[in-house]
Structures are given as structure tokens and as C-alpha cells.
Amino acid sequence: MRVGTTTLEVAPDQTILDAALRANAWIPHSCTQGTCGSCKLSVVCGRVDHRDSPEYTLTAEERERGMALACMATPCGEVTVEPIGAIDESIPRQPLRDHCGTVAEITEIADHTRRLVVDLDDDMAFNAGQYCELVVPSTGTTPGTVVTRQYSMANPPSETRRLEFHIKLTPGGVATERWIFSTLAVGDRLRLRGPLGQFHLVAEQTGPGILIGGGTGLAPLCSIASHALEHNLIPEIHLYHGGRRRADLYDVERFTVLAATDSRFHYHPVLSEQEWDGATGLVTDAVLADFSSCKGMSGFLCGPPPMVQAGVKALKRRRMAPRMIFREEFPAIPATTPQE
Ligand SMILES: Cc1cc2nc3c(=O)[nH]c(=O)nc-3n(C[C@H](O)[C@H](O)[C@H](O)COP(=O)(O)OP(=O)(O)OC[C@H]3O[C@@H](n4cnc5c(N)ncnc54)[C@H](O)[C@@H]3O)c2cc1C
Ligand code: FES
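Only a predicted model underlies this, so the values are computations on that prediction, with no experimental measurement involved.

### Examining the overall build of the protein chain
When helices and strands are counted, the protein chain shows seven helices and 17 strands. Computed over its C-alpha atoms, the radius of gyration of the protein chain comes to 20 Å, within 12% of the 20 Å expected for a compact globule of 340 residues. Within the span of the protein chain, comprising 340 residues, buried residues form 51% of the whole. Contacts spanning at least 24 positions in sequence make up 70% of the contacts within the protein chain whose residues lie at least 6 apart. Here the protein chain carries 32 positive and 41 negative side-chain charges, and the mean point of each set is 3 Å from the other.

### Describing the domain arrangement of the protein chain
Segmentation of the protein chain into domains returns domain 1 (2-83), domain 2 (97-196) and domain 3 (209-329). On a C-alpha basis, the centres of domain 1 and domain 3 stand 34 Å from each other.

### Topic: helix 4 (residues 218-231)
For helix 4, which comprises 14 residues, the first-to-last C-alpha distance of 20 Å matches the rise-based estimate of 20 Å (1.5 Å per residue) to within 8%. Across the 14 residues of helix 4, 12 count as buried, placing the element largely inside the fold. Turning to helix 4, its buried residues number three or more, namely L218, A219, P220, L221, C222, S223, I224, A225, S226, H227, A228 and L229. Of the residues one or two after helix 4, N232 is the one with positive phi, at around 55°.

### Describing the pairing of strand 16 (residues 298-303)
Counted residue by residue, strand 16 has six buried out of six residues, so it is predominantly covered. Residue alternation in strand 16 divides its side chains into two sets, S298, F300 and C302 and G299, L301 and G303, and both sets are buried. As paired strands, strand 12 (residues 209-214) and strand 16 are joined by five bridges and run parallel to one another. Its bridge partner lying in strand 16, I210 is registered against G299. In terms of strand pairing, strand 16 meets strand 17 (residues 325-329) through five bridges, oriented parallel. By the bridge assignment for strand 17, G303 is matched with E329.

Criteria and thresholds
Residues numbered from 1 in each chain as written. Chains lettered and ligands numbered in written order. Predicted model: local features only at pLDDT ≥ 70, side-chain atom pairs only at ≥ 80, totals over all residues. Heavy atoms only, no water. Helix = DSSP H or I, 4+ residues; strand = E, 2+ residues; numbered from the N terminus. Rg over C-alpha atoms; globule rule 2.2 N^0.38 Å. Buried < 20%, exposed > 50% of the residue type's maximum accessible area, 1.4 Å probe, protein only. Contact = heavy atoms within 4.5 Å. Lys, Arg positive; Asp, Glu negative; His and termini not counted. Charge placed at Lys NZ, Arg CZ, Asp CG, Glu CD. Domains from an automatic or database assignment. Expected span 1.5 Å × (residues − 1). Pairing = 2+ DSSP bridges.

Here you go:
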């Protein structure tokens, strides 16, 4: 297979995206599960099998025009593909790799939310904001099928051997209810692959940064905030964490202490369904109330799609430049229906 100027081997059943990222040939992507459409590319030469590419992400007309989803499609023989859109060559990319690790910690940190800490057998280099796919142990229902789920690193990239994840329980979920919230225990071995995703902070920002997270959408923002503070990449950080009730918030004490000791860091927890001695309402409304202008600032948003979309709207309303807004969405259901 040829991706841009790189020629690489693809194993049977390996997706175009997986093969390319392992060879360090960058293809823009976000969800790796066929739902976001950000990995769409042109098949310039040859044929691909679209496999389970959903119709709402890749229409029949787009297939006719020779487009494919890199995270779903596999090549049928020799193919040449071209990513769509410009690729920023200044961003450091680390090749996708398989890793093994041992569970070092698994603790309840908020309502139906766990912190999972994994000691890797070898180092993983990644950009602050990226994620991994955890391999869910086989349930024995469909032999040969590998089930993976995406979880963002909450630790900074300076910690390459010990990864931290914040995981919310999904009722009925294969990875969460049936594994991470039931059988997974300290000392267990697990498999994962990473790094993945294009939500990141790598370059120095001249203006303040507004970080808005809903629920476990806080995870990649923790990585971004720690990395930015370690390397002085953002002069002033405002971290907003939205939850419904007090029990949904976590690491409150840690951030309160950090805000009291580091003048560059400001912490804004916001509750939408419970009165308390802090801010109340929608987290995005709190941002609108706190800033009359966001000109010259950067925004990093992560969490459920409606929160992220409302956050982008709020930041644009306050005149933040669209190119300075970075986002990651955690879809609630892995895609049997289109996202709005
Ligand atoms: C880039 C990215 C990063 C992410 N990072 C994080 C993170 O840091 N922390 C975090 O908590 N989450 C994160 N997520 C979400 C996470 O990957 C999982 O989607 C989530 O944990 C649910 O997985 P599960 O296997 O438990 O649930 P699933 O088994 O996938 O089920 C999800 C829900 O959908 C329902 N469902 C499943 N199949 C169907 C179907 N065919 N029809 C109708 N309903 C169905 C289930 O009953 C359940 O309610 C991220 C997602 C993405 C895309
Ligand atoms: S990365 Fe392929 S559709 Fe989202």
C-alpha cells in the first residue's frame, strides 16, 4: 500500500489506518470506530473493502467517488491512498504500537467512575491529549474477534511507563460494566495499543488556555494541563470541569491545591443539577459568564458530544479563533445511529 510518499505492507484484515500509523505515515483520525469521519481519504489507485463503514459516515456517493474510511477499510491488493486535507508536519508523531501492562491501581474516584493505572512493560511515547485502545478480554461469544475501547491518557507524556485512565461506567457496557467495573483487579495483565488521536497540545500558546471537560472528558485535559505547566506552554490555564452532582466531580482537592500554589492555574468545577458552594449551571454557560472575550486564547474541549458542541459555540461567541479550538468527543453509544 502507498500512503502519500510512504510504501508499506498491510497484513490480512489490517485496516489502512492501523497499517499507516504503525509505519508512522500519518492519516488524520479521531474515533477509530467509523463514527466521526475524520479519517476519510481518497483511494487514488486500486480497490478497498469498506467492511463495516457506516452509511451515515461514508455515503454511497462518496464510495462511488473513491473515498474510504481509513479506520474501517482494508486494501484489496495494491492500493494508493491520499489523506484528505492538509497535514501539519510540525506535530511530532509516534508510531502506533501494541503494549502489555499490569494493573497497578483501580480505584473509585467519583460516582460510577474509576481511575485505572497501568504499568507498561515498555515505554509509550505520546502527545498530551492522545488515547489508547484497551483490548477487552475475550468473552468467548465471538471467537477470534478482538474487542477494543478507547480511553484517554490522563498522565503527562513525561510519564511513559505508567499510564492513568479515568473511566465512566456505561450500563450494559462490554468494557466497563462487564470488565473494568467487575472482574478487573490490581495485578491483572492487560493488552493495549497506542498512541492514537489528534487531540493534543504540543506547541506553545501565547494566550491563556480554556480547558473544558465533562465527566471523564477531564482525562486528556489533565494530561494537557500537566504537560503545559511542566513545559510552560500556556501562560494561564483555566480548567473547567462539569458534572451533574458533587459526586460526579473528582480530584477536586488536587486541583484546588494546585490552583492555590501555582498562579498560572485556575480551577472551575461546575454542577448542573445540585446547589453547592461552587458554580452552578451548564459548564459552558460558566465560561460565557467568566469571559467577555476569548480573543487570542486557545480552547481544549472533551466529553459528551452535546457538551463539546455547546463549548465550541460558546468559545466562538466569545471570539476565539476556530483554528485555536481543539476538541475530542466521547460518543455515548458506539455508532449504530448517526451523531448529530
Ligand atoms: C477517542 C475516544 C476517547 C475516549 N476516552 C474515554 C475516556 O477517557 N474515559 C471514558 O470513560 N470513556 C472514554 N471513551 C468512551 C469509551 O471508549 C467507551 O465507548 C465507553 O467506555 C463504553 O464502552 P463499553 O464497552 O463499556 O460500552 P459498549 O459495550 O460499547 O456499550 C455502550 C452502550 O451502547 C449500548 N449498545 C451497545 N451496542 C448497541 C447496539 N448495537 N444498539 C444499541 N445500543 C447498543 C450498550 O448497551 C451501552 O449502553 C472514549 C471514546 C472515544 C471515541
Ligand atoms: S477515525 Fe475513522 S471514522 Fe473516526
